[in-house]
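What follows is each chain in one-letter form.
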Amino acid sequence: MTWTLRGIVVVLVGFVAGLSAAARQTELTASDIPALIVQLASPESEWGAAARLQKLGTPAAAALVGNLRRDGFRDRDHGNHSATMRALEKIGTPAVVEIERTLSPALLASTTADDVRFVETVTLSLITIGNDRSAPVLVRVGLSASESRTREFAFTGLTSPFFDRAPTRPDRPWEACLLAEVAFGCPFDLEAPRVAAAIRPLLGSVASGLAQESNPRVKVLAARLLALWGEGPLKTTGERELLALAALSDGSYPQELAIQALGVLGVGEARDVLKRTTAIAYPSVKRAAAEALARLQDDGYVSIATDLMKLPTANLRTYDPDVYTRRWAILFAGRSRNLAFVPTLIDLLGNADWNGNTTSTTSGGRTTEIRHTLGEDAHAALRTLTFQDFASNPHLWREWWSANQNNDWRSVLTRRVQTLMPQLPTAEPWVMNEWMSGFAEADDPAVLPFVTAYFRHPRFNIGQVGPNSFRGGGGIPPALTLLLNLASQGSPEARQLLFECSDKNDYPLAIDCPRLVAAFDRQRGVDRLNSLLTQPYSLHVARTLVELGDSRGIPVLIELLESPENAARSLSYQALRRYTQQDIAYNADASPDSRRAAADQWRQWWRNSGSGFVLKTKAARIDIDCCRL
């Protein structure tokens, strides 16, 4: 190696800069807190101030809680959190301790407007922090806050991670984990048991409070909490309250929420209650009842959803909630696996009513608005439900139905698989892709022969780009998500295919498959990704690793700060900033010498932090949700 004077100077400058950065990291004291809080008020300096406040922990949390009244409360109209709230939420458990210290019985009982807004605001911050330390504090707020809206927030925060995504993905927990749709969706997650352990000793008080609660919205949420985590009489108390609220005839939000909870929790006694209630129910309540009955494996949902598909539309040019309810019912029928919907869907093929969805196309400088119809939705639902496509020709569909009306969904799926299997060896990849797209919602063991042959096809090249590519569009291919859902049902064949896929080196498959494996076997997934850090696509591997909470991606991201490609530099810095919460300055557009000096500061920080550094995944999620940093 030949050293030039300029090279030595650059190295020394970088080394000194690194030492200075490290020194700045350790120089922060409680005396810096007031200035940092002032900096939170400026969008340009907010993130850096919040990052430094995290390092100060408890003293910073105490000051931030005190600053909430001056900073302004949560925006009630838009749900936005203030800069002070975001800083508190990133601090985590120390912030919970300080919030709890302020929530005296007198403050919780106060009806003064500023006190009510303060309690509401810290409640939302506790929900975002969302751990076993915040859970008991939320229970106390739910039982004692003077404002029913605040009590509602508290009980919602305690249960929403288990119910919010349930209507759309009730049987796909690993997919929910993969997409980060729910807080506690992963098999390896340890947070849910800790939250449950922290809440269970308090459920007796929740039951006592439920008996005295007058607000229906709070009652249904408290009952949901008891039914979710209660045992014996406490669980029964929650279920009884949910059943009583589900039997209401007012079409209220609490009624809908109670019905949804009964379905998610699998309360069999709800079947008869729901069928009696929906005879005179509002459309939104009928929708909730149809979902719940489907979960409870009661065919009563068929008549309810069929009625919803036939709702009259009041206004085809403006917002009409019934339009969206009709569209939901049609798409629900397509995913239902119940062929009893086929005749109604055929009747709707020619329906020209607007479905509420509009797209625009531009040609020659002229924009054309396309208003999509319920007939289009019916066609899509028929394709999903039957694995056939006769376009919008009702005559051909009725012929098919006449020949298949005595078959069930699984028989139709099995026959479709048997029809395609002999054609697979000679089919073009794009044809196989089209066939596979028809099975996207068919996460049933009957589809496994086709899926296995698809993934083990000799021309399989889902990771390549080009005319023979199996991959289409952005994101993880539906074929892989289908495998994950089959694996979550206990299919050893699906797991084996994911493991085989995970061993491939072709980008982007090499990242997609280990990421899916990590949804149920985190260590195996991240270890495979770690072995790919020397590949040309190391940027994407490293970013995926840190998103999964594995710090082995950090050194690669730091080295990429000196990449010749601007996009690689920018994306690396974005990931470093989010997942380390370190306020080390860097400019992807700066000169090579400046970038090298900044990268050296990051290297010095990493040497000081060590491989045991715990990535700030929760803080990163707050940044992503808030500001797309």
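As the structure is a prediction and not an experimental result, all values here were calculated from the model.

How each quantity is defined
Residues numbered from 1 in each chain as written. Predicted model: local features only at pLDDT ≥ 70, side-chain atom pairs only at ≥ 80, totals over all residues. Heavy atoms only, no water. Salt bridge = Lys/Arg side-chain N within 4 Å of Asp/Glu carboxyl O. Helix = DSSP H or I, 4+ residues; strand = E, 2+ residues; numbered from the N terminus. Buried < 20%, exposed > 50% of the residue type's maximum accessible area, 1.4 Å probe, protein only. Polar contact = N/O pair within 3.5 Å; in protein donor to acceptor, adjacent residues only side chain to side chain. Contact = heavy atoms within 4.5 Å. Axes fitted to C-alpha atoms, helices over the stretch in contact; angles between N-to-C directions. Left-handed = near helix turned anticlockwise from the far one by under 90°. Pairing = 2+ DSSP bridges. 1 Å grid on protein atoms, 1.4 Å probe; cavity = no way out; pocket = protein on both sides within 12 Å on 5 of 7 lines; lining within 4 Å. Points joined across faces, edges and corners; volume = space filled by probe spheres on them. Nonpolar A, V, L, I, M, F, W, Y, C, P; charged D, E, K, R; others polar. Phe/Tyr/Trp six-rings, centres within 6.5 Å; stacked < 30°, edge-to-face > 60°. Lys NZ or Arg CZ within 6 Å of the ring centre and 35° of its normal. Expected span 1.5 Å × (residues − 1).

Focus: the pattern of salt bridges
Phase 1: Within this structure, the stated rule accounts for 32 salt bridges.
Phase 2: Between Glu241 and Lys219 there is a salt bridge whose closest N-O contact spans 3.7 Å. Of this pair, Glu241 sits in helix H15 (residues 233–246) while Lys219 sits in helix H14 (residues 216–229), and the two are 22 residues apart along the sequence. Of the two residues examined, Glu241 and Lys219, each falls in the buried class.
Phase 3: In this structure, Lys275 and Asp298 form a salt bridge, with 2.9 Å as the shortest nitrogen-oxygen distance. Residue Lys275 is located in helix H17 (residues 270–277), and its partner Asp298 is located in the loop between helix H18 (283–295) and helix H19 (300–309); the two are separated by 23 residues in the primary sequence.
Phase 4: On the basis of relative accessible area, Lys275 is assigned to the partly exposed category, the value being 36%.
Phase 5: A network of salt bridges, in which partner residues are shared, links Glu559, Glu562, Asp593, Arg596, Asp600 and Arg603.

Focus: the side chain of Thr123
Phase 1: Tracing the backbone shows Thr123 in helix H8 (residues 113–129).
Phase 2: Of note is the side chain of Thr123, whose polar atom sits 2.7 Å from the backbone oxygen of Val119.
Phase 3: Apart from residues lying up to four places away in sequence, Thr123 is in contact with Leu138, Val141, Thr150, Phe153 and Ala154.

Focus: the environment of Ala227
Phase 1: Inspection of the secondary structure puts Ala227 in helix H14.
Phase 2: Those residues in contact with Ala227 that lie beyond four places of it in its chain are Lys235, Gly238, Glu239, Leu242 and Leu265.

Focus: the packing of helix H13 (residues 203–212) against H14
Phase 1: Interaxial distance between H13 and H14 falls to 10 Å at its minimum, and their mutual angle equals 150°. The handedness of the crossing between H13 and H14 is left-handed. Every residue of H14 that contacts H13 at Leu203, Val206, Ala207 and Leu210 is listed here: Lys219, Ala222, Ala223, Leu225, Leu226 and Trp229.

Quick word on the pairing of strand E2 (residues 366–373)
Residues in a regular strand point their side chains to alternate faces of the sheet.
Phase 1: Alignment of strand E1 (residues 354–363) against E2, held across 7 bridges, turns out to be antiparallel. Counterpart to Thr359 in the pairing with E2 is Ile370.
Phase 2: Hairpin remark: E1 followed by E2, antiparallel, with 2 residues in the connecting loop; positive phi at Gly364, about 60°.

Focus on empty space enclosed by the protein
Phase 1: Overall, the coordinates contain 2 cavities of 30 Å³ or more when judged by the stated rule.
Phase 2: Computed from the structure, the largest cavity encloses a volume of approximately 50 Å³.
Phase 3: Forming the walls of the largest cavity are Gly334, Arg335, Arg337, Thr384, Phe387, Trp409, Gly438, Phe439, Glu441 and Ala442.
Phase 4: Each residue belonging to the lining of the largest cavity can be placed in one class, and the counts come to 4 nonpolar, 3 polar and 3 charged.
Phase 5: As a volume, the second largest cavity reaches approximately 30 Å³.
Phase 6: In terms of lining, the second largest cavity is formed by Leu107, Leu108, Ser110, Val116, Val119, Ala145, Ser146, Glu147 and Thr150.
Phase 7: Secondary-structure elements contributing two or more residues to the lining of the second largest cavity are helix H7 (105–109) and H8.
Phase 8: By residue class, the composition of the lining of the second largest cavity is 5 nonpolar, 3 polar and 1 charged.

Structural notes on the environment of Leu40
Phase 1: Among the structural elements, Leu40 can be located in the loop between helix H2 (33–39) and helix H3 (43–56).
Phase 2: Put simply, Leu40 and Ala83 are 43 residues apart on the chain and 6.0 Å apart in space, counted from C-alpha to C-alpha.
Phase 3: Once you skip the residues sitting within four places of it in the chain, Leu40 turns out to touch Glu46, Ala49, Ala50, Leu53, Leu64, Ala83, Thr84 and Ala87.

Let's talk about the packing of aromatic side chains
Ring pairs (aromatic) are described by centroid distance and by the angle formed between their planes.
Phase 1: According to the stated counting rule, one finds 18 aromatic pairs in the structure shown.
Phase 2: Centroid distance Phe390 to Trp397: 5.0 Å. Interplanar angle 85°. Geometry classified as edge-to-face.
Phase 3: Aromatic side chains Tyr573 and Tyr586 sit 5.2 Å apart centroid to centroid with 50° between the ring planes, which places their arrangement in the tilted category. Of this pair, Tyr573 sits in helix H33 (residues 566–580) while Tyr586 sits in the loop between H33 and helix H34 (592–609), and the two are 13 residues apart along the sequence. Across the pair, exposure class does not vary: Tyr573 and Tyr586 are buried alike.
Phase 4: A connected cluster of aromatic rings, assembled from ring pairs, spans Phe387, Trp409, Phe439, Phe450, Tyr454 and Phe455.
Phase 5: We note Arg69 situated over the ring of Phe118; from NZ or CZ to the ring centre the distance is 4.6 Å.
Phase 6: Stacked on the ring of Phe499, the Lys or Arg Arg524 has its end atom at 3.6 Å from the ring centre.

Some words on H18
Phase 1: Taking 1.5 Å of rise per residue, the 13 residues of H18 would be expected to cover 18 Å, and the 19 Å separating its terminal C-alpha atoms lies within 8% of that figure.
Phase 2: Within H18, the full set of buried residues consists of Val285, Lys286, Ala288, Ala289, Ala290, Glu291, Ala292 and Leu293.
Phase 3: Phi turns positive one or two residues past the end of H18, at Gln297, with a value near 55°.

With respect to unusual backbone geometry
Phase 1: Of note, the bond from Tyr507 into Pro508 is cis; its omega dihedral lies within 30 degrees of zero at 5°.
Phase 2: By secondary structure assignment, the location of Pro508 is in the loop between helix H28 (492–502) and helix H29 (509–518).
Phase 3: Even without being glycine, Gln297 reaches a positive phi, approximately 55°.
Phase 4: Mapped onto the elements, Gln297 comes out in the loop between H18 and H19.

Nothing here speaks to function; it is all geometry.
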